[in-house]
Amino acid sequence: MSIVLFKAILVVLIFLISLGIAAYSTYGERKIAAFLQDRIGPDRAGPFGLLQPIADGVKMFLKEEIIPTVSDKLLFIAGPSMFMLTALMTSAVIPWGLPLEFGGTVYALQVADINIGILYIMGVVSLGVYGIMIGGWASNNKFALLGAIRASSQMISYELAMGMSVIAVLLMTNGSLSLNNIVQSQGEGKLYGFINISGMNWNIFYQPVAFIIFLVCSFAETNRTPFDLPESESELIGGFHTEYSSMKLGLYLFGEYINMFISSAVISCLFLGGYNFPGIEYLGTVLPHNIVSLISVAALFGKIFFFIFFFMWVRWTIPRFRYDQLMRLGWQILMPLAIINVLITGGILTFFGN
Amino acid sequence: MSNIQVSPPPPGIEGSGFFATTFEKAVGLARANSIWPLPFATSCCGIEFMATMAANYDLARFGSERISFSPRQADLLMVTGTIAKKMGPVLRQVYLQMAEPRWVIAVGACASSGGIFDTYSVLQGIDKVIPVDVYVPGCPPRPEQLIDGILKIQELVKNEPLKRRESPEYKALLASYGIE
Amino acid sequence: MENTVTNFDHTSEYTTLNLGPTHPATHGIFQNILTMDGEIIVEAEQTCGYIHRAFEKIAEHRPFYQITPLTDRLNYCSSPINNMGWHMTVEKLLGVQTPKRVDYMRIIIMELARIADHLICNSVIAVDCGALTGFTYVFQWREKIYDIYEEICGARLTTNVGRIGGLERDFSPACIAKIREFIQEYPKVLREFTSLVERNRIFMDRTVGVGPISVERALHYGFTGPNLRAAGLDYDVRVMNPYSSYQDFDFTIPVGVNGDTYDRFRVRQEEMWESLKLIKNALENLPEGKFFAEVPEFYLPPKEEVYKNMEALIWHFKIVMGETDVPVGEVYHSVEGGNGELGFYLVSDGGRAAYRLHFRRPCFIYYQAFPEMIKGSTLSDAIVTMSSMNVIAGELDA
Amino acid sequence: MNTITEQAHPQNWYLILSTILFSIGVMGVLMRRNALIILMCVELMLNSVNLLLVSFSAYAGNTEGQVFVFFIMVVAAAEVAVGLALLVSIYRNLASTDIDVLNKLKW
Amino acid sequence: MSSQIVFYMLAALSVLSALFVVFSKSPIYSVLWLIVCFFSIAGHYVMLNAQFLAIVHIIVYAGAIMVLMLFTVMLLNLNKETEPHKPAMLKGAAIVTGGLLMLVLLAAMRSVQPAPYVAPEKADVGFVQNVGMKLFTDFLLPFEMTSVLFIAAMIGAVVLAKKEVHE
Amino acid sequence: MQLTNRSKVVTKPEMTFVEKLYLPAIFSGLGITIKHLFKKKATLKYPEQTRQFAPVYRGMHVLKRDEQGRENCTACGLCAVSCPAEAITMDAAERKKGEEGLYREEKYAARYEINMLRCIYCGLCEEACPKDAIYLTDRIVPSEYSRGEFVFGKDVLVEKVDQRIDVSKRKKTYTI
Amino acid sequence: MSEVNNAYLLKELQDQFAAFITQVDEPYGLLTIELDKEQILPVLSFLVKHPELQMQFLTDVCGMHFPDNKGKELATVYHVHSFTKNIRLRIKCYMSLDAPQIDSVTSLFGSANWQERETFDFFGIEFIGHPNLKRILNVDEMEYFPMRKEYPLEDQTRTDKDDTYFGR
């Protein structure tokens with residue numbers, strides 16, 4: 001099996017998994033929301049309502065497509081497509097697990113190990129706003145436009161703090177921008193230099209502040225409560241997707257869940273050791289390598305699922321911000337905090353060495 | 001498109017209503033389980049709708065908890081409450097903005113028939129301005145009745161042929177309301 | 001939502017945004033036409049009448065006892081208060097003195113209604129701030145209130161509870177048990193709801209200082225009820241002009257300071273506690289006796305009597321046909337409704353129906369102040385302010 | 001990606017491409033009246049220069065060219081920020097982004 | 001050979017999109033075409049082994065500057081109808097001028113003999129480490145100067161965009 | 001301004017430092033919601049499970065028969081008069097010879113219709129009935145596809161002889 | 001200082017406006033006066049500014065229609081309330097159907113704005129000086145004033161009701 005073929009399979013697989021997880025995130029969201037609210041949630045479509053996402057999908061595919069006559073048709077269609085595209089693109093650089101090995105050839109479970117992985121993610125994330133902006137603008141509806149404007153300013157603002165918090169992490173990992181390196185470095189060494197649990201040298205223990213900032217920013221980047229202003233139902237009806245129907249709406253909703261999935265993956269990779277899990281070294285000695293790889297994939301997905309749950313948990317608990325408060329939080333609290341964090345990290349690394 | 005000849009259906013069983021194929025059934029089932037309501041809540045029934053949404057009755061079980069206030073995204077227009085004559089055109093506008101397939105449920109006495117308000121200012125039933133699929137009696141109906149209405153709608157959705165919305169009968173129905 | 005086409009007036013940088021008539025935040029139907037500068041509201045104008053149902057005209061055509069179902073639909077979040085208010089108005093016109101037991105039962109029912117009303121309002125404030133979960137927690141307890149109503153009168157929302165001269169039936173043991181359970185369990189839920197939102201900084205940031213109104217302006221605009229009390233004036237009809245034996249009870253009037261959304265929220269929260277106390281007191285001190293006053297002209301005789309007794313049957317017919325004698329006169333009576341002073345101005349010419357019945361609907365009067373309250377704040381503020389004012393469309397338009 | 005390939009085409013190609021892009025930018029500046037698009041054309045011109053610098057850097061085998069691109073980006077970002085701020089305030093006062101309206105120094 | 005094809009495609013894309021930027025009727029399309037143009041230029045950067053720069057280019061231009069542009073377009077609601085147009089004659093003149101400039105420049109470029117290709121000392125010229133090293137050693141002062149420039153620009157932008165309070 | 005001495009200021013808009021930190025309140029909120037994740041659900045699975053309504057619940061009407069299976073209604077029209085929604089229509093008829101087993105009184109309702117869509121279930125007809133004939137029950141009126149089906153005639157309203165509906169619990173007690 | 005009660009209130013009013021108060025009544029303990037409609041603004045502003053009474057709260061404004069009361073067919077009824085003294089007053093101003101005009105009190109009470117609009121909407125009473133006197137509850141195109149006694153209550157377009165059964 002050539003590397004190219006493997007990569008192709010991997011790409012397709014990741015797309016399918018992303019889509020599947022996004023679809024079942026909608027189900028999860030509804031179930032979790034229901035359970036947090038003392039309800040049951042969907043339970044009539046299939047056993048436990050498991051076919052709910054399929055029902056939604058089929059319905060959306062077959063719904064009439066309305067393109068408002070006053071809107072810009074091309075852009076109206078381009079909006080959701082771009083949103084979906086950028087949502088899916090990020091997954092390329094995430095290391096999904098330890099490499100597999102077949103017949104002496106090593107197959108990395110990562111589509112592209114580019115040396116600027118983090119920057120790539122930041123770049124693609126910064127493009128995510130186009131889908132929303134274009135869609136919102138093309139709808140030619142004031143609520144949509146307001147949503148689009150809110151989304152764009154919010155995403156630009158929080159990108160900065162996000163980048164700054166990542167810098168502190170990068171300082172920890174000898175400045176490598178490759179996600180693979182970052183994850184690997186969290187699997188090596190001892191925690192705080194003396195706690196010897198293999199695969200537990202996670203960045204969250206060194207960078208709790210950066211972790212919180214990154215988490216908050218990823219909430220903002222994915223437009224989830226408490227930062228769901230662009231689509232806040234009680235204010236803007238649907239926000240940027242107010243005018244969308246059928247699958248174009250589906251793409252937006254789907255894209256949001258894919259974004260959530262990917263940002264959970266990124267958080268896990270940056271702060272929670274990615275595919276590393278405690279005892280990974282020991283397992284490596286007793287189990288075949290490929291099995292450990294699969295376990296590591298499972299470990300990563302476990303972390304991802306926890307974060308997806310966390311995203312939902314927070315959404316159904318917390319009120320949302322107001323536009324100006326959101327901006328103030330981003331610029332006046334998170335930004336300085338992230339910079340101070342970088343300075344302190346840098347200072348410690350400079351004066352106390354590695 | 002292609003050179004496959006479509007053989008004419010056997011006489012007598014053509015037309016909407018017949019030939020609900022397996023595909024159509026599957027689609028109907030899917031649609032029925034994913035009805036996103038647009039609560040056009042004007043008065044008392046709206047509160048009862050809230051009660052239906054809340055924990056005790058949980059409309060989510062039917063796949064309908066994602067209430068979409070944007071008519072574009074909604075499948076089911078739930079007219080819950082009195083519709084005054086001043087509101088009639090707005091209701092119609094909302095209905096027009098909805099994407100096909102769309103269903104309408106008139107919840108409560110006021111929406112269905114004007115109820116107690118047989119007055120100069122109240123529309124005597126929303127079927128004067130838009131076609132209604134299911135009427136739910138009660139003033140306001142209890143959540144049980146509301147759910148009954150939703151189940152009725154689901155029944156309707158399940159058995160609806162895909163072509164119904166293009167059929168001349170449906171067009172004629174809309175035309176009788178002066179739509180399109 | 002109507003299809004709002006962006007048409008910028010190029011001479012100004014303001015846009016017009018139609019909030020309503022079917023905007024999710026209007027909770028009921030009325031329209032706000034906002035002139036916005038970006039996210040800031042420069043000007044607002046409200047339109048109402050979208051569910052105008054001509055209550056006052058109907059009232060001129062129906063006998064008195066048939067007005068009760070109408071009042072249900074005024075402020076449908078707390079219909080029993082409206083029912084009671086109407087009954088007491090007619091009783092005032094007729095000069096009927098109700099027994100203490102009736103008064104106390106009425107207090108229990110009314111205070112339950114007040115809790116239900118405030119509960120909707122406050123949970124909806126939270127929902128409009130984006131916190132949906134608290135809503136489902138407290139709504140389970142609103143459901144319990146519904147259960148109690150169902151036990152009392154047989155309906156959940158539009159209760160049509162009580163009759164002129166008393167109540168239509170006594171509290172059943174099941175009903176009293178349910179009320180006791182409610183008193184016992186509800187504080188926990190309310191506390192939980194409180195801790196979920198009340199001191200959460202995000203919520204406080206959203207509400208403190210939002211949509212404030214001073215006492216002077218509030219009075220100018222005819223505020224009453226929790227909204228006036230949030231501004232700092234302790235006007236409460238229950239205390240100022242006690243009706244239905246409210247004078248027997250000691251309760252505090254929670255007041256706010258700034259008249260902002262947070263104060264309104266807080267005042268409603270506290271009033272729920274006070275109501276709970278009132279219910280408890282009334283239930284404990286519920287006197288024995290009849291649940292109706294001795295007014296054969298207006299209170300339907302017992303059914304058994306009607307079946308057997310000719311005189312009762314005649315009264316029964318007269319009452320139902322609306323042929324009993326009613327004094328000529330005019331009377332104004334007000335009760336402390338969920339949203340403030342709910343007044344009934346009844347003019348009787350002695351006929352079977354009111355000659356003129358005017359409802360003083362608190363919502364209708366204080367909603368005028370909305371533009372002034374939200375001027376210069378953001379769209380989100382406007383929405384939270386609107387829900388904290390608890391504008392009920394049914395009451396607004398009548 | 002980690003292997004550097006012998007550049008398969010002469011650097012002249014980049015020269016020509018940059019020239020064409022630059023000229024298009026100039027053309028746009030001259031042609032359009034919308035201040036925003038003029039700003040965008042300026043960006044285009046800056047980018048053609050960037051491209052050239054990167055190509056020089058690549059062909060000369062050192063990093064200086066890229067560093068300069070970096071600086072140009074900074075300048076471009078600053079320029080856009082100020083330019084757009086100007087544009088918005090002009091629009092506020094004149095309700096137009098037409099540069100021909102800006103022919104007077106005061107309003 | 002394949003890299004040549006890639007070059008041609010990217011070059012064609014950049015030229016075409018640049019032309020669309022200039023000739024689009026609606027500003028929003030101009031913005032979108034410019035984004036496409038920037039992407040193609042980023043592609044060129046990658047081909048020139050400047051990955052770091054390419055991604056920075058995308059983040060800065062596509063991710064920030066063009067979002068800002070788009071934002072302004074939306075905020076001011078510039079669209080086809082409000083787009084001011086110059087008279088056709090001026091347009092023609094502009095095209096001729098631009099074309100002439102291009103001709104002159106191309107003619108000048110034709111005779112240029114660029115220095116022959118020099119293989120870099122290290123294989124990863126365009127990587128973060130090298131660019132960073134250069135930036136923070138040889139070019140430290142200019143780098144710090146740019147931050148001053150940024151601050152100035154930021155303050156300027158805020159001051160300009162801030163609304164005067166009309167009393 | 002203070003009108004009574006019973007007022008109490010209840011609002012405290014200032015935040016303490018801890019409250020200003022966002023996180024404590026958020027975490028306590030998260031704690032509350034996660035507790036509910038494991039709680040028993042309040043939901044009633046309606047079509048499968050049903051709920052006992054209060055005995056006095058005002059649902060669908062019934063026209064009662066007496067012990068001998070005769071219709072109680074005498075078509076006096078009080079219910080129609082008392083109906084605020086004017087949903088009840090009836091035609092009275094004289095009882096003929098040989099119908100004594102069908103109708104209790106000499107006059108009976110030949111046609112008795114309630115427009116269930118107009119009806120607001122206020123219970124006034126029940127109160128107005130002097131003949132123990134009309135009652136509201138704890139059954140709910142089903143929803144229908146067309147408006148015409150809601151005019152319930154005697155075929156639906158009158159209780160079946162073999163399927164009596166117990167309304168004894170709704171009868172008022174006037175314990176004095 | 002005498003106690004503030006209905007008698008005191010009436011005396012204060014009589015002192016100032018005796019000529020304009022046509023009738024005084026006290027049904028159910030609420031002092032009711034009939035006032036010349038020209039005097040509504042002075043009387044109300046007197047009550048508002050009165051140091052003792054401080055009747056600063058306009059509880060209610062509503063219209064009335066007496067078709068048989070020739071020359072005084074329409075009436076506007078004001079309820080004012082003094083919070084500090086907890087005393088209410090009802091003022092009635094009659095006017096004829098031909099000239100249904102009365103001064104607006106919006107300058108004194110902001111709350112009067114919509115209530116006067118409502119009264120205009122229902123009865124066609126025109127409030128002079130009202131900032132925005134147009135229909136509020138009914139549609140703008142409505143051509144009559146529905147609360148006047150001669151207009152029917154019922155909607156004529158309904159299909160599921162037969163008036164012959166409801167001979168009201």
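All values derive from a computational prediction rather than experimental measurement. (Residues numbered from 1 in each chain as written. Chains lettered and ligands numbered in written order. Predicted model: local features only at pLDDT ≥ 70, side-chain atom pairs only at ≥ 80, totals over all residues. Heavy atoms only, no water.)

Engineer: I'm lost on the overall build of chain G in this one. Help?
Structural biologist: The helix and strand inventory of chain G stands at 3 helices and 7 strands. Along chain G, helices and strands appear, N-terminal first, in the series α-β-β-α-β-β-β-β-α-β. Relative to its 168 residues, chain G shows a buried fraction of 59%. Contacts in chain G between residues at least 24 apart in sequence constitute 53% of all its contacts with a sequence separation of at least 6. Working note: accessible area of chain G is about 7,000 Å², and carbon and sulfur atoms make up 48% of it. (Helix = DSSP H or I, 4+ residues; strand = E, 2+ residues; numbered from the N terminus. Buried < 20%, exposed > 50% of the residue type's maximum accessible area, 1.4 Å probe, protein only. Contact = heavy atoms within 4.5 Å. Areas by Shrake-Rupley, 256 points an atom, 1.4 Å probe, with all protein chains shown as cover.)

Engineer: Just to check I follow, could you spell out the interface of chain E and chain D for this structure?
Structural biologist: The extent of an interface is frequently quoted as the accessible surface area lost upon association of the parts. Across the boundary between the two partners, chain E contributes 84 residues, which contact 73 residues of chain D. Of the roughly 7,500 Å² buried between chain E and chain D on both sides combined, carbon and sulfur atoms contribute 76%. Connecting chain E to chain D are 0 salt bridges. Counting across the interface, chain E meets chain D through 0 residue pairs in polar contact (both at pLDDT 80 or more). (Buried area = accessible area lost by both parts, 1.4 Å probe. Salt bridge = Lys/Arg side-chain N within 4 Å of Asp/Glu carboxyl O. Polar contact = N/O pair within 3.5 Å; in protein donor to acceptor, adjacent residues only side chain to side chain.)

Engineer: Any chance you could explain empty space enclosed by the protein here in plain terms?
Structural biologist: By rolling a water-sized probe across the atoms, one finds the places where empty space is left. Scanning the model with the defined rule gives 12 cavities of 30 Å³ or more in all. Taken as a whole, the largest cavity encloses approximately 420 Å³ of empty space. In terms of lining residues, the largest cavity is bounded by 32 residues, among which Arg 163, Glu 168 and Leu 300 of chain C together with Glu 127 and Lys 172 of chain F are the most central. At 4 residues, the largest contribution of residues to the lining of the largest cavity is made by helix H4 (residues 124–128) of chain F. (1 Å grid on protein atoms, 1.4 Å probe; cavity = no way out; pocket = protein on both sides within 12 Å on 5 of 7 lines; lining within 4 Å. Points joined across faces, edges and corners; volume = space filled by probe spheres on them.)

Engineer: Could you clarify how one ought to interpret the nonpolar core in this entry?
Structural biologist: Soluble globular proteins: nonpolar side chains tend toward being buried together. Counting residues in each nonpolar core, the largest one holds 289 residues, and the members touching the most others are Leu 77 of chain B, Tyr 112 of chain F together with Leu 47, Tyr 78 and Ile 91 of chain G. At 18 residues, the largest contribution of residues to this core is made by helix H4 (residues 100–128) of chain C. By size, the runner-up hydrophobic cluster in this structure holds 188 residues, among which are Leu 170 of chain A, Ala 35 of chain D together with Ile 35 and Ile 41 of chain E. (Core = buried A, V, L, I, M, F, W, Y, C linked by side-chain atoms within 4.5 Å.)

Engineer: Teacher, can you tell me more about the pairing of strand S1 (residues 21–25) of chain G here?
Structural biologist: Along a regular strand, successive side chains alternate from one face of the sheet to the other. All names here are of chain G. Note that S1 and strand S2 (residues 31–35) share 4 bridges and pair antiparallel. If you follow Val 24 over to S2, its bridge partner there is Ile 33. In this structure, the hairpin formed by S1 and S2 is closed by a connection of 5 residues, where Tyr 28 is found at a positive phi of approximately 55°. (Pairing = 2+ DSSP bridges.)

Engineer: Would you mind going over the environment of Ala 42 of chain E with me for this structure?
Structural biologist: Residues and elements named next belong to chain E. As for its placement among the helices and strands, Ala 42 is situated in helix H2 (residues 27–47). When the C-alpha atoms of Ala 42 and Ala 54 are compared, they prove to be 4.7 Å apart, with 12 residues separating the residues in sequence. If near-sequence neighbours (up to four positions away) are discounted, Ala 42 is found in contact with Ala 54, His 57 and Ile 58.

Engineer: Would you take a moment to explain the confidence of the model for chain C for this structure?
Structural biologist: Detailed reading of the predicted coordinates is not advisable wherever pLDDT is low. For chain C, the mean per-residue pLDDT works out to 84, and 97% of the residues sit at or above 70. Confidence over residues 1–11 of chain C falls short of pLDDT 50; this stretch has 34 contacts with residues more than four positions distant or in other chains. (pLDDT = per-residue confidence, 0-100.)

Engineer: I would appreciate a short explanation of the sheet that holds strand S4 (residues 74–82) of chain G in the present structure.
Structural biologist: In sheet architecture, strand pairing relies on hydrogen bonds along the backbone and comes in two forms, parallel and antiparallel. Residues and elements named next belong to chain G. The 5 strands lie next to each other as S1-S2-S5-S4-S3, forming an open sheet whose pairing is mixed. Edge strands, defined here as strands with exactly one partner in the open sheet, are S1 and strand S3 (57–65). Strand after strand, the sheet turns through a mean of 20° between neighbouring axes, direction not considered. Where helix H3 (residues 112–123) meets the sheet, its contacts fall on S3 and S4, and the angle it forms with S3 comes to roughly 5°. (Axes fitted to C-alpha atoms, helices over the stretch in contact; angles between N-to-C directions.)

Engineer: Explain the domain arrangement of chain C to me, please; I cannot follow it from the model alone.
Structural biologist: All names here are of chain C. As assigned here, chain C comprises domain 1 (2–47) and domain 2 (55–395). Computed from C-alpha atoms alone, the centre-to-centre distance between domain 1 and domain 2 is 32 Å. For the pair domain 1 and domain 2, the summed buried area comes to about 1,500 Å², and 67% of that belongs to carbon and sulfur atoms. Linking domain 1 to domain 2 there are 1 salt bridge. In this structure, Lys 375 and Glu 43 form a salt bridge, with 3.3 Å as the shortest nitrogen-oxygen distance. Summed over the shared surface of domain 1 and domain 2, the number is 5 residue pairs in polar contact (both at pLDDT 80 or more). If you list the elements that add at least two residues to the side of domain 1 that touches domain 2, you get strand S1 (15–19), strand S2 (31–37) and strand S3 (40–47). With 6 residues, the single largest contributor to the side of domain 1 that touches domain 2 is S3. (Domains from an automatic or database assignment.)

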